[in-house]
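Examining the three-dimensional arrangement
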Amino acid sequence: MIEGLPFGNVWGLAQAANPWVRAFGLQDHNTRIVVLATTLLGLAAGGIGVFTLLRRRALMGDALSHAMLPGIGLAFLVAPSLGLPEKSLPVLIGGAVISGLVAAAAILLIRWRTRLPEDAALGIVLSVFFGAGLVILSLVQQTSGGSAAGLESFIYGKTASITIRDAGWIAAAAVPTLILVGVLMKAWALVCFDEGFARTSGLSVGAVDIVMMAAVVLVIVTGLQAVGAILMIALLVIPAAAARFWTHRVDVMVVVAAVLGGVSCLFGSLLSAAAEDLPSGATIVLVAAAIFGFSMVLGSQRGLWWRLRAHRARRERTREVALAAQADMPLGQRSGGS
Amino acid sequence: MSDLALSVEDLTVAYQSEPVLQDLSFGVPTGSLVGIIGPNGAGKSTLLKACLGLVPIDSGEVRFFGAAHRDMRHRVAYVPQRESVDWDFPIRAVDVVAMGLYRQIGWFWPVRRRHLRAARAALERMGILEFADRQISQLSGGQQQRVFLARALVQDADLYLMDEPFSAVDASTEQSVVEILRAIQAAGKTAIVIHHDLQTVREYFDRVLLLNRRLIASGTVGDVFTEPNLRRAYGGRLVHVDRPAMAVGWGDS
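Just so you know, the residues in each chain are numbered from 1, in the order the chain's sequence is written. Following the order in which they are written, the chains are lettered starting with A and the ligands numbered starting with 1. Where local features are concerned, this predicted model is filtered to residues with pLDDT of at least 70; where side-chain atom pairs are given and counted, the filter is 80 or more; whole-chain, interface and lining totals use all residues. Each side-chain value is derived from all of the structure's non-hydrogen atoms; neither hydrogens nor water enter the calculation.

What follows covers the overall build of chain B. Going along the chain from the N terminus, every DSSP run of H or I of four or more residues is numbered as a helix, and every run of E of two or more is numbered as a strand. Per the secondary structure count, chain B includes 10 helices and nine strands. Since a compact globule built from 253 residues should have a radius of gyration of about 18 Å, the 18 Å found for chain B is in line with a globular shape. Each principal axis of the C-alpha atoms in chain B carries an extent, and together these give about 55 × 40 × 35 Å. Exposure categories follow from relative accessible area, calculated using a 1.4 Å probe and restricted to protein chains: below 20% of the type maximum is buried, above 50% is exposed, and the middle band is partly exposed. By the burial criterion, 56% of the 253 residues in chain B qualify as buried. Contacts between residues were defined by any pair of non-hydrogen atoms, one from each residue, lying within 4.5 Å. Contacts in chain B between residues at least 24 apart in sequence constitute 68% of all its contacts with a sequence separation of at least 6. Reported accessibility uses the Shrake-Rupley method at a 1.4 Å probe radius. Residues are deemed covered only where the shown protein chains occlude them. Accessible area for chain B stands at about 10800 Å²; split by element, carbon and sulfur atoms hold 47% of it. Side chains of chain B carry 28 positive and 29 negative charges; the gap between the two charge centres is 5 Å. C-alpha atoms define the radius of gyration, and 2.2 Å times the number of residues to the power 0.38 defines the globule rule. Lys and Arg are tallied as positive, Asp and Glu as negative. Neither His nor the chain termini are counted. The atom standing in for a charge is NZ when the residue is Lys, CZ when it is Arg, CG when it is Asp and CD when it is Glu.

Take a look at the structure:
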């Protein structure tokens, strides 16, 4: 029977059966939309990540993303009593933002009221909120049975859990963030480079920082479903760090980081869509890490490979000069000669 | 009032209830080159920062051309200490200079070609146009200092506040900073410069502000840059006063 079928049909059957081909061929409308949305997220995270890196606030993003978990669990519990569906994304995101803000306030309070350094405050808040989040989520899953399934995608990230509607929300947050990065690039770069000069020029550094943190929070909540709370920091830091190896200009670095973030998300979420049990956060991070490794070694500006070659060439030149000098010397003065 | 580029009255600044500057009052006439002199920890940088609103003032009043700093930003340019920024930052020299134009360009608008042209012209005045497209970490200390000065020059201000522009620079940079100071004065403008090298005070500046947490003296070099005043500012630490130069100073006063 099978021999009788035209070849194209066999191929078609194989395609339908193979989730890899379906995912990477972008054959599902659903996958297409979701991948597009997460790619936009990667662009936005990569772009804004440059400034959290240059402002030395990278760990703040990590603390905030972990701190969003308890808010998500509580929002799930509270939503039905407000007459809203328990897994409605706006409600969960609202909960995430509120607990993220509480965490930010806690960090600032610890810093102002005690003499602990910022990294200690970040470590305390990050772990305590994440711990609370895990406890609340497991309670939620025990009490509400199957209806809470999928909440763990906020911890590890799962592209498959994103609906077309969710993808719309992701795009709606990612696009304005990208525009914001473009418009505020100049002010952010100045504050990151020379805060004192920025203030004497009349720029309100406090306002600049607040807008930057707000944009970071927005990107994090948008990325929770696709990347998850644990690894969201990777999408802010890794593309920006990789971009540094390709350029020595902030504006170019923003574009490169955005592209690398977008590419990481594109391939990461495609992989995760193909292999259903693969957490997309981890796959996105691994793709980003591969890009980072490549950039670190071969990046045109500070790549290790080029630096090693330059170092070798310098050493070679020095040796040649030394040899030439020795050759010019009268025989009796040559080192080792007598 | 308005013939003073900067006037400071009863200025007191404290870090955590420890007074750094106490009851400072002085005026800087328009068109003068002022050297701020004093030992380490005298509060020289703090004085500039307090005037510019970068550190909180406990009491007192600072006026630029008779008005508050926030109304005079366009007439005041600040050159911070070179060590105050990270020179590994991913930016070219010409882009750092263009930062001096950001206020004028507007915070939300892109830097245009003519702004970059102005930035290159300022780098040319400082004699380092050839390094315009270099990343700033590839510049020597003196070249970095000149980039900072170019950023101030491009603002076309009337008053320049400079925090140690002569610190750890090569001779040719020192020479071009001096030329810029002369040009500023020739244009009828004012510069206030934190300075360390007592040997060159007389050559570079026409007024001096001697500082050691309190104001020791403020006035023309001839009146104020005297051994008794220096001894009061530096205490017992002053051992290398240039005596021939001092003798000229006494002749003036």
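Having seen the structure, we can now continue with the description.
Listed per partner, the contact involves 32 residues of chain B and 24 residues of chain A. Buried area: the accessible surface (1.4 Å probe) lost by two parts on joining, summed over both. Interface of chain B and chain A: buried area, both sides summed, is about 2500 Å²; carbon and sulfur atoms make up 64% of it. When residues of chain B are sorted by the area they lose upon contact with chain A, Phe89, Pro90 and Trp107 of chain B head the list and together hold 30% of the total. The rule for a salt bridge is simple: a side-chain nitrogen of Lys or Arg has to be within 4 Å of a carboxyl oxygen of Asp or Glu. There are two salt bridges connecting chain B and chain A. We note a salt bridge from aspartate 194 of chain A to arginine 151 of chain B, for which the minimum N-O separation is 2.7 Å. Pairing of N or O atoms within 3.5 Å defines a polar contact, subject to two protein rules: one partner must be a possible hydrogen donor and the other a possible acceptor, and residues neighboring in sequence count only if both atoms are side-chain atoms. Here chain B is connected to chain A by 10 residue pairs in polar contact (both at pLDDT 80 or more). Secondary structure elements with two or more residues in the side of chain B that touches chain A: α2 (93-98), α3 (102-105) and α5 (141-153) of chain B. When residues in the side of chain B that touches chain A are grouped by element, the largest group, three residues, is from α3 of chain B. Any residue outside Ala, Val, Leu, Ile, Met, Phe, Trp, Tyr, Cys, Pro, Asp, Glu, Lys and Arg is labelled polar, Gly included; the first ten of those are nonpolar and the last four are charged. Split into classes, the residues belonging to the side of chain B that touches chain A amount to 18 nonpolar, six polar and eight charged.

Residues and elements named next belong to chain A. A fitted line through C-alpha atoms serves as each axis, taken over the contacting stretch for helices, and the angle formed by two N-to-C directions is quoted from 0 to 180°. Helix α12 (residues 232-243) packs onto helix α3 (residues 29-54) with a crossing angle of 70° between their chain directions and a minimal axis gap of 7 Å. Classified by the angle their axes make, α3 and α12 are roughly perpendicular. Side by side, α3 and α12 meet where Leu41, Gly42, Ala45, Gly46, Ile48, Gly49, Val50 and Leu53 of the first sit next to Met232, Leu235, Leu236, Val237, Pro239, Ala240 and Ala241 of the second. For the contact of α3 with α12, the per-class residue count stands at 12 nonpolar, three polar and no charged. To sort the angles, those under 35 degrees are grouped as roughly parallel, those over 145 as roughly antiparallel, those from 65 to 115 as roughly perpendicular, and the leftovers as oblique.

What follows deals with the sheet that holds strand β5 (residues 76-79) of chain B. Residue and element names in this part refer to chain B. What the six strands build is an open sheet, ordered β5-β6-β7-β3-β8-β9; its pairing is mixed. Looking at strand neighbours, the two that pair on one side only are β5 and β9 (214-220), the edges of this open sheet. Direction aside, neighbouring strands of the sheet carry axes that sit 15° apart on average. In this sheet, strand β7 (residues 190-194) lies alongside strand β3 (residues 33-37) in parallel orientation, the contact comprising four bridges. Any two strands are treated as partners once DSSP identifies two or more bridges connecting them.

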